[in-house]
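Remarks on the overall topology
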Amino acid sequence: MNIYTVRDNLRNTIAGKEHLLDQYSRALEGNKMLYEQKIAVGSACEFVQININELKKILQDVEVCCQQHTEM
């Protein structure tokens, strides 16, 4: 494994979480859920969004490392 693999894995993980967030958001738009379910899914949306933001910050650091490695 190298830094480029880590970068690619992070990108894939972020994309997967963004897809999950999109699915959760669409579920919230429907009226088929009970109030309690909407609260739970809404909380999950917030958690996933926080996680995505954290992963994007880590990805920025990894991108810097990739750039430095390329310049070497």
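To be clear, the structure that these remarks concern was listed above.
Summary of the structure given here. (Residues numbered from 1 in each chain as written. Predicted model: local features only at pLDDT ≥ 70, side-chain atom pairs only at ≥ 80, totals over all residues. Heavy atoms only, no water.)

Things to note about helix 2 (residues 35-71)
The terminal C-alpha atoms of helix 2 lie 54 Å apart, and with 37 residues this matches the ideal 54 Å at 1.5 Å per residue to within 8%. Inspection of helix 2 places V41, G42, C45, V48, N51, I52, L55, L59, V62 and C66 among the buried residues, and these make up the whole buried set. Residues of helix 2 that are buried sit in contact with helix 1 (3-29). (Helix = DSSP H or I, 4+ residues; strand = E, 2+ residues; numbered from the N terminus. Expected span 1.5 Å × (residues − 1). Buried < 20%, exposed > 50% of the residue type's maximum accessible area, 1.4 Å probe, protein only. Contact = heavy atoms within 4.5 Å.)

Comments concerning the packing of helix 1 against helix 2
Where helix 1 contacts helix 2, the axes come no closer than 9 Å and their chain directions differ by 160°. Relative to helix 2, helix 1 is oriented roughly antiparallel. The two elements helix 1 and helix 2 cross, and the hand of that crossing is left-handed. Here the residues of the contact of helix 1 with helix 2 are counted per class, giving 20 nonpolar, 7 polar and 7 charged. (Axes fitted to C-alpha atoms, helices over the stretch in contact; angles between N-to-C directions. Parallel < 35°, antiparallel > 145°, perpendicular 65-115°, else oblique. Left-handed = near helix turned anticlockwise from the far one by under 90°. Nonpolar A, V, L, I, M, F, W, Y, C, P; charged D, E, K, R; others polar.)

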